[in-house]
Amino acid sequence: MTRYDTIVIGGGPAGLSAALKLKAKGFDSLVIESGDRIGGIPLQCIHPGFGLHYLGEDLTGTEFIHRLIGMVEDQGVEYRVRSHVVRVKPSRTGYPYKRIEAVSPYGFIEVETPILIYTAGARERTIFEIGVTGERLSGVFTAGEAQAYMDIFGILPGSRIVIIGSGDVGLIMARRFALEGAKVEAVIEMMPWPGGLTRNIVQCLLDYDIPLLLSRMVVRLEGKRRVEGVVTVRVDEDLNPIPGSEELIECDTVVVSAGLTPNVRLLEGLGLAMDPSTRGPIVDDYLESITYQGIFIAGNALVVNDLVDYVVEQGESAAEGASILLYEGVKPRSYVRITKGRNVRLIVPQYLSCEKDAVLYMRVQKPEYDVKVCFEEISREFRYPVVRPAEMIRLTLRRSDLEDLRRLDSLTVEVKRV
Amino acid sequence: MRILVIGSGIVGASIARIASMYRDLDVYLVEREADVGWGASKANTGIIHPGHEEDPRLYPFRAKLCVEGNRLWKSWARDLDIPIKFPGELMLVFEGFESEARRYIDLARINGIPGVRLLYHDEVERMEPLISDEAVAAVWAPTAGIISPIDAVIALVENAVSNGIKLLTETEVKRVIVSDGRVRGVETNIGFIGADIVVNAGGIHADEIARTVGLSYRLKPRKGEYILFDSFVEAKPKHIIHPVPTSITKGVYIVETVEGNLMIGPTAVDLLEDAKDDTSTSTEGLSKLLSEASRLLKELPPRDRIVKFFAGVRPEPPNGDWIIEAYTDPWGFVDVAGIRSPGLTAAPAIALHVFNLIRERYDLKLKVKDSWNPHRRGIARIKDKPKQLIKRLVEEDSRYGSIVCWCNMVSEAEILEAIGRMKSIGLKTITLDGVKFRSKAMYGFCQGSFCRARIAYIVSKIEGIPLWDVRVNSTESKLGVGDVKSLVKGGSYD
Amino acid sequence: MSIDAVERRLTCIVCPIGCIVTVRVSGDRLEASGYLCSRGLDYARQEALDPRRIAITVVKVRYGDIPVVSVKTDRPIPRRFVREVAKLAAYIEAEAPIELGQILLEDILGTGANLVATRPVRRIE
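Residues numbered from 1 in each chain as written. Chains lettered and ligands numbered in written order. Predicted model: local features only at pLDDT ≥ 70, side-chain atom pairs only at ≥ 80, totals over all residues. Heavy atoms only, no water.

Caption draft 1: Representation of the interface of chain C and chain A. Contacts between chain C and chain A engage 25 residues on the former and 31 residues on the latter. Carbon and sulfur atoms make up 58% of the area that chain C and chain A hide from each other, which totals about 2500 Å². Counting the surface chain C buries against chain A, the share from its top three residues, C:Ile13, C:Ile56 and C:Arg119, is 24%. The tally of links from chain C across to chain A stands at four salt bridges. Between C:Asp65 and A:Arg37 there is a salt bridge, and its shortest N-O distance comes to 3.0 Å. On inspection of chain C and its partner chain A, the count reaches eight residue pairs in polar contact (both at pLDDT 80 or more). Looking at the side of chain C that touches chain A, the elements that each hand over two or more residues are strand S5 (56-62), strand S6 (68-73) and helix H2 (82-88) of chain C. For the side of chain C that touches chain A, the class distribution of residues is 14 nonpolar, four polar and seven charged. (Contact = heavy atoms within 4.5 Å. Buried area = accessible area lost by both parts, 1.4 Å probe. Salt bridge = Lys/Arg side-chain N within 4 Å of Asp/Glu carboxyl O. Polar contact = N/O pair within 3.5 Å; in protein donor to acceptor, adjacent residues only side chain to side chain. Helix = DSSP H or I, 4+ residues; strand = E, 2+ residues; numbered from the N terminus. Nonpolar A, V, L, I, M, F, W, Y, C, P; charged D, E, K, R; others polar.)

Caption draft 2: Representation of helix H12 (residues 452-463) of chain B in the model. An ideal rise of 1.5 Å per residue puts 16 Å on twelve residues; H12(B) measures up with 16 Å between its terminal C-alpha atoms. Among all positions of H12(B), only B:Arg452, B:Ala453, B:Ile455, B:Ala456, B:Ile458, B:Val459 and B:Ser460 are buried. In this structure, the buried side of H12(B) is in contact with strand S13 (140-142) and helix H3 (143-151) of chain A together with strand S22 (403-405), helix H10 (412-424) and helix H11 (432-439) of chain B. In the segment just after H12(B), B:Gly464 is the residue with positive phi, at about 65 degrees. (Expected span 1.5 Å × (residues − 1). Buried < 20%, exposed > 50% of the residue type's maximum accessible area, 1.4 Å probe, protein only.)

Caption draft 3: A look at helix H2 (residues 60-80) of chain B. Residue and element names in this part refer to chain B. Here H2 spans 29 Å end to end across 21 residues, near enough to the 30 Å set by a 1.5 Å rise per residue. The largest bend along H2 reaches roughly 35 degrees and is located at Leu72. Turning to H2, its buried residues number three or more, namely Arg62, Ala63, Leu65, Cys66, Val67, Gly69, Asn70, Trp73, Trp76, Ala77, Asp79 and Leu80. In the stretch just after H2, Asp81 is the one whose phi turns positive, near 55 degrees. (Bend = angle between axes of the 7 residues up to and from the residue.)

Caption draft 4: Molecular detail of the domain arrangement of chain B. Residues and elements named next belong to chain B. Partitioning chain B into structural domains gives domain 1 (2-41 + 149-218 + 319-361), domain 2 (89-142 + 220-316) and domain 3 (387-469). When domain 1 packs against domain 2, the two sides together hide about 990 Å² of surface, and 51% of this comes from carbon and sulfur. The largest contributions to the domain 1 side of the interface with domain 2 come from Ile204, Arg218 and Arg340, which together make up 53% of the buried area. Counting across the domain 1 and domain 2 interface gives six salt bridges. For Glu316, the salt bridge identified is with Arg340, shortest N-O distance 3.2 Å. One can count seven residue pairs in polar contact (both at pLDDT 80 or more) joining domain 1 with domain 2. Each residue belonging to the side of domain 1 that touches domain 2 can be placed in one class, and the counts come to three nonpolar, four polar and six charged. (Domains from an automatic or database assignment.)

Caption draft 5: Region of the structure containing the packing of aromatic side chains. Summed over all chains, the structure comprises 17 aromatic pairs over all chains. Judged by centre distance (6.3 Å) and plane angle (50 degrees), the ring pair of A:Tyr149 and A:Phe153 falls under tilted. Ring centres of B:Trp38 and B:Phe437 lie 6.5 Å apart, and the angle between their planes is 70 degrees; on these two criteria the pair is classed as edge-to-face. Separated by 399 residues along the polypeptide, B:Trp38 in the loop between strand S2 (26-30) and strand S3 (47-48) and B:Phe437 in helix H11 bring together distant segments of the chain. Each member of the pair, B:Trp38 as well as B:Phe437, is classed as buried. Within the aromatic cluster, the residues linked to one another by ring pairs are A:Phe141, A:Tyr149, A:Phe153 and B:Tyr457. (Phe/Tyr/Trp six-rings, centres within 6.5 Å; stacked < 30°, edge-to-face > 60°.)

Caption draft 6: Representation of the pattern of salt bridges within the structure. Counting across every chain of the model gives 94 salt bridges over all chains. Here B:Arg376 and B:Glu158 are joined by a salt bridge, their closest N and O atoms 2.9 Å apart. Separated by 218 residues along the polypeptide, B:Arg376 in the loop between helix H8 (343-361) and helix H9 (387-396) and B:Glu158 in helix H5 (residues 149-162) bring together distant segments of the chain. Neither residue differs from the other here; B:Arg376 and B:Glu158 are each classed as buried. Salt bridges sharing partners connect three or more residues here, namely A:Arg3, A:Arg87, A:Lys89, A:Arg99, A:Glu101, A:Glu110, A:Glu112, B:Lys387 and B:Lys391.

Caption draft 7: The arrangement of the confidence of the model for chain B in detail. Looking at chain B as a whole, the pLDDT averages 95, with 99% of positions reaching at least 70. Across the interfaces of the predicted complex, the ipTM metric reaches 0.95, alongside a pTM of 0.95. (pLDDT = per-residue confidence, 0-100.)

Caption draft 8: Looking closely at the side chain of A:Ser410. All names here are of chain A. Mapping Ser410 onto the fold places it in strand S31 (residues 410-417). Here Ser410 falls in the buried class, since its relative accessible area comes to 18%. Here Arg337 takes part through its backbone oxygen, which lies 3.4 Å from a polar atom of the side chain of Ser410. One polar contact links Ser410 to Thr339, side chain to side chain, over a distance of 2.7 Å. In this view, Ser410 contacts Val336, Arg337, Thr339, Glu377 and Leu405; residues no more than four positions away in its chain are not counted.

Caption draft 9: View of the environment of A:Ser159. Looking at the element boundaries, A:Ser159 is found in the loop between strand S14 (155-156) and strand S15 (160-164). A:Ser159 sits in the partly exposed class, given a relative accessible area of 22%. As a C-alpha pair, A:Ser159 and A:Phe177 span 18 residues in sequence and 8.0 Å in three-dimensional space. Here A:Ser159 is in contact with A:Ala182, A:Lys183, A:Asp252, A:Thr253, B:Val481 and B:Leu487, once residues within four sequence places are set aside. Separated by 2.7 Å, the side chains of A:Ser159 and A:Asp252 make a polar contact.

Caption draft 10: Summary view of the sheet that holds strand S12 (residues 133-134) of chain A. Residues and elements named next belong to chain A. The strand order across the open sheet formed by four strands is S12-S18-S19-S20, and the pairing between neighbours is mixed. With partners counted over all chains shown, the strands left at the sheet margins are S12 and strand S20 (247-250), one partner each. Here four bridges tie strand S19 (residues 227-234) to S20, and the two strands are oriented antiparallel to one another. Bridge pairing in S20 places Val230 opposite Ile249. (Pairing = 2+ DSSP bridges.)

Caption draft 11: Seen up close, the packing of H2(B) against H8(B). All names here are of chain B. Look at H2 against H8: their axes get within 6 Å of each other, and the N-to-C directions meet at 95 degrees. Overall, the two elements H2 and H8 adopt an arrangement that is roughly perpendicular. Between H2 and H8, the residues in contact are Phe61, Leu65, Cys66, Glu68, Gly69, Asn70, Leu72, Trp73 and Trp76 and Leu344, Thr345, Ala346, Ala347, Pro348, Ala349, Ile350, Leu352 and His353, respectively. Partitioning the contact of H2 with H8 into residue classes produces 13 nonpolar, four polar and one charged. (Axes fitted to C-alpha atoms, helices over the stretch in contact; angles between N-to-C directions. Parallel < 35°, antiparallel > 145°, perpendicular 65-115°, else oblique.)

Caption draft 12: Quick look at the state of the cysteines. Residue and element names in this part refer to chain C. In this structure the tally under the stated criterion is zero disulfides over all chains. This cysteine, Cys12, is not joined by any disulfide, and Cys19 carries the nearest cysteine sulfur, 5.9 Å off. According to the relative accessible area criterion, Cys12 is buried, its value standing at 6%. For Cys37, which is in no disulfide, the shortest distance to another cysteine sulfur is to Cys15 and amounts to 6.2 Å. (Disulfide = S-S within 2.5 Å.)

Caption draft 13: Region of the structure containing the pairing of strand S11 (residues 182-188) of chain B. All names here are of chain B. As paired strands, strand S10 (residues 173-179) and S11 are joined by six bridges and run antiparallel to one another. For Ser179, the partnering residue across the bridge sits in S11 and is Arg182. As judged from the four bridges shared by S11 and strand S12 (residues 191-194), these two strands associate in the antiparallel manner. The residue bridging Val186 from the neighbouring strand is Ile193, located in S12. Hairpin connection from S11 to S12: two residues lie between these consecutive antiparallel strands.

Pasting the structure below:
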């Protein structure tokens, strides 16, 4: 049985950055990737906006990930592609070893490790998950799928497009379709505010005169075999449909960009505690599961990020945590739980060890101007001119701030108006 | 002698399989869609009913053939390697409806169905801890089963084709041609096809075909919507659950499909006669399903575990009983129409019955082929297989190790096998839906958003067509509109 | 201010606040209001007088392990040329192997920017 210091499941930006960090610290790892090559989703992101923090340059997703792949090759990080993990289970050799089994065309892979770093990314929510009814038609794609068709496979999925959801991927695909000569009829957003970054609203929609319809949702697809239109309806403040506001928009293609969900099936099978607000595992500030020792989670499998730079940072944090466990055998195990207060939709990590500086990633429920993010128990606050659900807030709590907290068992975070 | 069967649903496919047993019979199975079983057969509950809901005084065919069909499926499924299981059924009884429950126990006795009995709440709860506290009792029917109807149709057709029948897809029958009181064949979109006997198993459209020989019954289209949940849910009963049908509501079924998903359905919505192909789902339908199902269980899985919803249209015959007849005027026209529930259960029995009817009515002297092979193997799947078996499969063919569909763990070898089988039964178009039904790829949580492109790419290579030309769910529906530059090159913008 | 002055409202994208800047352009004169900091004014001036973007699209590839290669202009170009780049890219074809950063077309549309590959493509025969 081959043993590694760590096994990384998922060879996207989170997994690769974790493996690189581990290598730098002198630990070996094996990256197991399902796809044909390492790199993950950025391999199909041909737009800029990647790497400003991590590499100090504004690169396209493809450029960014090939830089990272270059480092992986240079450092001799071991990886296997086209390898699909079938099972993770406690090893027969006993704790803390875990056995990982994967199938690949090159044979069955069985390896053992005390540390699993899980970076399997996220998947897109489907048309069914957002409750759109109607016939089962062709011409319906998720944004990422449409992206793969255009920019990897070189085909155009449709010519008259309606995009459901105004998240960044949807906005970017609206521009992508417009650039290749398709008519983007509308981007439809259920919330009263856009789901993507302002930059993308300006450069993807306004530049191309693409209408953004807010407070509207798609309720039904029309058509016989392929999509011929979508029926939309206006919604009130509580997101309830307003009777009589139905409107048909004709199109031959529907692109669903209704958000992502962490890909955590394997972890659910192992019984890891999950956070309903992130739909990912509950972790401490080393990004280790609070219910399963030796499993670290980073990137979109942990929480859906809007910048690849955060994904990479999480990969490195997980590697950091893993290396402490590998050096010391144990990690601090007393935690302070973070409680979500006013206008906080999610926060990761959910628990703090208070042993080190903690980087927190959070999202608000609704946009607000002139606010402060407050941690009352430690009298720390961070001012922001504006907070939006679309933009993840990243902040750091210093170890010195947290030291007194160890006597308490909970830390509250809330957004207050200044 | 040529027999032409119209419609490759579960009924037509079963009849074709029986017909494939005989020497000197030239059997055609004609289907308007690009693939088999795309009507009501692909979108129903998949229950193999015990037969205790069928009153032989009202519906003689349904009662007799349902009970026989339930028995026959055990051997048919074994011979044809169709996934099937018999978890048994709990028909939940709510306060005030005990007398209805007694009626089904009586019917079970009349129809000779073994093991049906009344269980009281405690006993029911021991068997199925998830059932609602409101259920005071249940009618237990141990012989109830679950099958994958589309798998069954595919298996039947593969077996029939391997025994010499000819499948003609994308062939729509416009009318049955009769002269001198005898059936001569059918007129289709691809021309005239001669036949001595025409079996009308045209599903919801059977009445339109029957009209061309002067029969005037009308089938009412009734739509049923379904919700399919993920297999990974906590609230998943082991048995088939449904309420005692009452005058107010027939209630919905809660089942675990053979793939392990939790499924709820169907609704019953009567459609206008010209809306026979309306398989659309609705917000109202989905809420109704969830509220009906929540009466039956203590809790339902969360809504974010819904994988998809879909609907099927079933034919409702005028008096509720099936229309099964071999006519002598015109000689050679056989109706197998209005096969509503429990048609799936009864299909093998219907096929045997219809064939006997044909033999007697038309005085056919038929001999079984020496070479008739009752067996067919399903596609070897690696999902949930033991490690040693996976290792062996990958060693034999490395494409078994190349996982294409990540959610449902389907390998490239299985995709290729599915495509190969579609070709071997004579399909003219390899649709992605056809690949999906056979391989179970694109069936998981992501609904193909990760793997559809790669599967379409495999199809395009095999078919020698551009990727955008690959068909999705019909002969008309293409995956894309052209290569990525096709519109800008045409200069169609601005 | 002359009567043919054009007034536009722009959303500043420099920081997350997203100021709505109202810009009036008349000849080479520009007036702006609604911004909170000087970066907003600079942004509005650039956007109103000479908006520029990095153009991205794909180019067909012969003998590649994938049929298209993603490309971008290696510097921002006037916004009005962005669609033209996608269109022009329809008429060129690259041949694998292609390296990351390889120039596929120089001085595209006279903008001074080159069209460069943003991913490598391996050659298959």
